[in-house]
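Chain by chain, the residues run as shown.
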Amino acid sequence: MTARLARLKTRGDFLRVAALRARAARPGLVVQAAPQPGEGGGDVRVGFTASRRVGNAVARNRAKRRLRAAASAVLPRRGRPGTDYVLIARAETGTRPYAALLADLEGALRQLSRPPRGGKE
């Protein structure tokens, strides 16, 4: 099933997703996920961010462009409808091979879709 991609744009949405603390880190990116508030439509919503640790403005923009391309290739078929995702660039995002970046995103989504293990909450 393919879901439609919508964008997260407001700071509040980014903070809400980060507060849930459901995250998966890979060498090329970090993915955070949270269910959409309210009824939560059938869309997958996604936001992108890159901090100064990634590099200068050129490097951050390149990293976000690569994340957008990876998200548009993977999230429509692998993303869970009614879920918000935030993709965070890492220092390696801009130089990592594109196939490896796609594999990182798919692996992170698989990790986030598994039920949490028992233990401390």
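Up top you'll find the structure we're talking about.
Residues numbered from 1 in each chain as written. Predicted model: local features only at pLDDT ≥ 70, side-chain atom pairs only at ≥ 80, totals over all residues. Heavy atoms only, no water.

A. A look at the sheet that holds strand β2 (residues 22-25). On the basis of which strands lie adjacent, the open sheet formed by five strands has the order β1-β4-β5-β3-β2 and mixed pairing. The open sheet has two edge strands with one neighbour each: β1 (5-7) and β2. Within this sheet the neighbouring strands show an average axis-to-axis angle of 25 degrees, counted without direction. Contacting β2, β3 (29-35), β4 (44-49) and β5 (83-89), helix α1 (residues 11-20) crosses the sheet at an angle of about 95 degrees to β3. In this fold helix α2 (residues 57-78) packs onto β1, β3, β4 and β5, with an angle of close to 160 degrees to the strand it touches most, β4. (Pairing = 2+ DSSP bridges. Helix = DSSP H or I, 4+ residues; strand = E, 2+ residues; numbered from the N terminus. Axes fitted to C-alpha atoms, helices over the stretch in contact; angles between N-to-C directions. Contact = heavy atoms within 4.5 Å.)

B. Just the side chain of Asp13, in detail. Turning to its location among the elements, Asp13 is positioned in helix α1. Comment: no salt bridge for buried Asp13; closest opposite-charge side chain is Arg16, at 4.0 Å. The residues contacting Asp13, other than those within four sequence positions of it, are Leu8 and Arg45. (Buried < 20%, exposed > 50% of the residue type's maximum accessible area, 1.4 Å probe, protein only. Lys, Arg positive; Asp, Glu negative; His and termini not counted. Salt bridge = Lys/Arg side-chain N within 4 Å of Asp/Glu carboxyl O.)

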